[in-house]
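Each chain, written out:
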Amino acid sequence: MATVEMMKNPLNTDSSVKNCCNYIATSSEKNEYGRYVDARGISVDSAYKDISEMQAMLYKVSGRRGYHLCVSFEHEAPLTPYDIYQIAYEISEWFYPEYQVLYAVHTNKKHLHIHFYINTVSLLDGHKLHLGYKDMYLLQKKVDRLVEKYS
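Residues numbered from 1 in each chain as written. Predicted model: local features only at pLDDT ≥ 70, side-chain atom pairs only at ≥ 80, totals over all residues. Heavy atoms only, no water.

Structural notes on the pattern of salt bridges
Close approach of charged atoms allows side chains of opposite charge to pair.
Point 1. This model, assessed by the stated rule, comprises three salt bridges.
Point 2. Among the ionic pairs, Asp14 bridges to Arg65, the shortest N-O distance being 2.6 Å. Pair noted here: Asp14 is in helix H1 (residues 14-26) and Arg65 is in the loop between helix H2 (47-57) and strand S5 (66-73), with a separation of 51 residues, a long-range link. (Salt bridge = Lys/Arg side-chain N within 4 Å of Asp/Glu carboxyl O. Helix = DSSP H or I, 4+ residues; strand = E, 2+ residues; numbered from the N terminus.)

Here we look at the packing of aromatic side chains
Point 1. Evaluated as defined, the whole model comprises five aromatic pairs.
Point 2. Between Tyr103 and Phe116, the aromatic rings sit 5.9 Å apart at their centres with planes inclined by 35°, giving tilted as the arrangement. Placement of Tyr103 in strand S6 (residues 101-106) and of Phe116 in strand S7 (residues 113-119) is noted, with a sequence separation of 13 residues between them.
Point 3. Since its relative accessible area comes to 0%, Tyr103 is described here as buried. (Phe/Tyr/Trp six-rings, centres within 6.5 Å; stacked < 30°, edge-to-face > 60°. Buried < 20%, exposed > 50% of the residue type's maximum accessible area, 1.4 Å probe, protein only.)

Describing the packing of helix H3 (residues 81-95) against helix H4 (residues 133-150)
Point 1. Running from N to C, H3 and H4 cross one another at 145°; their axes reach a closest spacing of 10 Å. As for how H3 packs across H4, the hand of that crossing is right-handed. Residue-level contacts link Asp83, Gln86, Ile87, Glu90, Ile91, Trp94 and Phe95 of H3 to Asp135, Leu138, Leu139, Lys142, Val143, Leu146, Val147, Lys149 and Tyr150 of H4.
Point 2. Class assignment of the residues belonging to the contact of H3 with H4 gives a composition of ten nonpolar, one polar and five charged. (Axes fitted to C-alpha atoms, helices over the stretch in contact; angles between N-to-C directions. Left-handed = near helix turned anticlockwise from the far one by under 90°. Contact = heavy atoms within 4.5 Å. Nonpolar A, V, L, I, M, F, W, Y, C, P; charged D, E, K, R; others polar.)

Looking at the pairing of S6
Point 1. Extensive coverage of S6 is indicated by the burial of six of its six residues.
Point 2. Judged by which residues are buried, S6 turns out to be covered on both faces: Val101, Tyr103 and Val105 on one side and Leu102, Ala104 and His106 on the other are all buried.
Point 3. As paired strands, strand S4 (residues 37-40) and S6 are joined by four bridges and run antiparallel to one another. Residue Asp38 lies in a different strand from S6, and its bridge partner there is Tyr103.
Point 4. In terms of strand pairing, S6 meets S7 through six bridges, oriented antiparallel. By the bridge assignment for S7, Val101 is matched with Ile118.
Point 5. Linkage of S6 to S7, two consecutive antiparallel strands, is achieved through a turn of six residues. (Pairing = 2+ DSSP bridges.)

Considerations on the sheet that holds S6
Backbone hydrogen bonds are what pair the strands of a sheet, in a parallel or an antiparallel way.
Point 1. Across the sheet, which stays open at both edges, the five strands sit in the order S1-S5-S7-S6-S4 with antiparallel pairing between neighbours. Here the strands that pair on one side only, and so sit at the sheet edges, are strand S1 (2-6) and S4. For this sheet, the mean inter-axis angle between neighbouring strands, taken without regard to orientation, is 15°.
Point 2. Of the strand pairs in this sheet, S1 and S5 are connected by five bridges, and their pairing is antiparallel.

Describing the packing of H1 against H2
Point 1. One way to put it is that H1 packs onto H2 with a least axis distance of 9 Å and a crossing angle of 145°. Between H1 and H2 lies a crossing of right-handed hand. Taken together, the residues of H2 that come into contact with H1 (itself represented by Asp14, Val17, Lys18 and Cys21) are Ala47, Tyr48 and Ile51.
Point 2. Classifying every residue of the contact of H1 with H2 by side-chain character gives five nonpolar, no polar and two charged.

Structure (structure tokens):
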């Protein structure tokens, strides 16, 4: 079982976007498999810069500029960090290729968890993403199916 949560910070300033991207990309510990951090539509090493440039180019630098999602797994879940990295990749497909996504599996707590930054500005046409309760419900169902698949 996993829990999907939208973090409360609306990520509507340059500093909040930068801090979120840095936290996601740099808090992923290195282990025998390497770092469990990846991105879609952007580079991990320059995620904030890539996101900011794209938003500025499309004049979308006001309002919510990103979503910070966290998917947490029970401590007893029979999943390895690599399994959870695979789950993270499949979750990122739900948003990409339309939206840029940065994600990482964090292993710094008893329970493994994934952090996602999803750019709200569409790469395809510049419209803004609005995640509501229905979207979060559908994402939770997708995560539940993925946990079953990898367990």
